[in-house]
Amino acid sequence: MTPLYIIPARGGSKGIPRKNIKPLCGRPLIAYSIDVARAAGAADDHIILSTDDAEIAAVGRNLGLAVDYMRPAELATDTAGSREVMLDVMAWADARGLDYDCVVLLQPTSPLRTADDVSRALALYTAEVDMVVTVCLAAANPYYNLFETTADGFLTISKGDGLLTRRQDAPPVWEYNGAVYVINPQSLRRCGLGAFARRMPCEMPRSRSIDLDTMQDWALAELLMQSPTATR
């Protein structure tokens, strides 16, 4: 299998300004995704840093990547979708004759993912699935403690009959943790990720499923990374 790794890192992040190159435990955030791709077996020419930002590109080059590809400005807005970003990288790779049979999306905001997480997701991938995606057990469960409101304003359980009295009796429910996506290129060309019918889960522990969106997330990630036993 020959994956094409895409690390999306636009310059205009809002929640944590300049987060993609902000130092996390002394290293720019994108370094952790580059490290993981390499540790999972990727050659540098198959690791594409997708950025519109000259400073982020320079940091990528300092980390050893060529960064020959630059993301078009129209794909670096708040409204640009991940699918369109990946399709543009794929078109660039295709034009240069790069061979690949799946796309691995590594968002920099998941610095606690490991090469083993990537390898496990790749091991689950076949051409018959649309995507393998890392998940963790959901913090809340629609069969037990998630509710919707009825037309008259009362709460009703989201799924099931609402008679379960122990969370352990509810079916397990999973949530995407944003760490690893292994995507079928043909499926991506055909439709968006939300329309995929064949999605395979790859479980990760919640302790390593942190997604950096706020400075509180950032502080927690630094704390966990300084105490590795906390993430096992």
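Residues numbered from 1 in each chain as written. Predicted model: local features only at pLDDT ≥ 70, side-chain atom pairs only at ≥ 80, totals over all residues. Heavy atoms only, no water.

### Side note on the side chain of N184
Applicable threshold: Strands are runs of DSSP state E lasting at least two residues, helices are runs of H or I lasting at least four, and both sets are numbered from the N terminus onward. Polar contacts, as counted here, are pairs of nitrogen or oxygen atoms within 3.5 Å of one another; within protein the pair requires one atom able to donate a hydrogen and one able to accept it, and residues that are adjacent in sequence qualify only if both atoms are side-chain atoms. Contacts: residue pairs with any heavy atoms within 4.5 Å of one another.
Along the chain, N184 falls in the loop between β9 (174–183) and α5 (185–190). Side-chain polar atoms of N184 contact the backbone oxygen of V129, separated by 3.2 Å. Here Q186 takes part through its backbone nitrogen, which lies 3.0 Å from a polar atom of the side chain of N184. Setting aside its immediate chain neighbours within four residues, N184 contacts Y125, A127, V129 and D130.

### With respect to the environment of D45
Inspection of the secondary structure assignment puts D45 in the loop between α1 (29–39) and β4 (47–50). As a C-alpha pair, D45 and Y5 span 40 residues in sequence and 9.4 Å in three-dimensional space. At a separation of 2.9 Å, a polar atom in the side chain of D45 contacts the side chain of H46.

### Considering the pattern of salt bridges
The following threshold applies: Salt bridges, as used here, are contacts in which a Lys or Arg side-chain nitrogen is within 4 Å of a carboxyl oxygen on Asp or Glu. Type-normalised accessible area, obtained with a 1.4 Å probe on protein chains alone, sets the label of each residue: buried when under 20%, exposed when over 50%, and partly exposed for intermediate values.
Evaluation of the coordinates by the stated rule reveals 13 salt bridges. The salt bridge involving D53 is made with R18; its shortest N-O contact spans 2.8 Å. Of this pair, D53 sits in the loop between β4 and α2 (54–62) while R18 sits in the loop between β1 (3–8) and β2 (23–24), and the two are 35 residues apart along the sequence. We classify R18 as partly exposed; its relative accessible area is 29%. R38 serves as the salt-bridge partner of D44, at 2.9 Å between the closest nitrogen and oxygen.

### Re the layout of surface pockets
What counts here: Cavity means a closed set of points on a 1 Å grid over the protein atoms alone, one where a 1.4 Å probe fits but cannot get out, pocket means an open set with protein on both sides within 12 Å along at least 5 of 7 lines, and lining means a residue has an atom within 4 Å of a point. Grid points are joined across faces, edges and corners, and a volume is the space filled by probe spheres set on the points. Each residue is assigned to one of three groups, with Ala, Val, Leu, Ile, Met, Phe, Trp, Tyr, Cys and Pro labelled nonpolar, Asp, Glu, Lys and Arg labelled charged, and all others, Gly among them, labelled polar.
Here the largest pocket defines a volume of roughly 500 Å³. Along the walls of the largest pocket sit 25 residues, with P8, R10, K19, S82 and Q107 positioned nearest its centre. The element best represented in the lining of the largest pocket is helix α3 (residues 82–95), accounting for three residues. Among the residues making up the lining of the largest pocket, the classes are represented as 10 nonpolar, eight polar and seven charged. Estimates place the volume of the second largest pocket at around 150 Å³. Taken together, D44, D45, I47, I48, L49, L65, A66, V67, D68, Y69, W92 and L98 make up the full set of residues lining the second largest pocket. Looking at which element gives the most residues to the lining of the second largest pocket, the answer is β4, with three residues.

### Description of the environment of R167
Looking at the element boundaries, R167 is found in the loop between β8 (155–157) and β9. Judged by its relative accessible area of 31%, R167 is partly exposed. On a C-alpha basis, the gap between R167 and R10 in space is 40 Å, while along the polypeptide they are 157 residues apart. Excluding its chain neighbours within four sequence positions, the residues that come into contact with R167 are A138, A139, A140, N141, Y144 and N145. Within the structure, R167 has its side chain in polar contact with the backbone oxygen of A138 (distance 2.9 Å).

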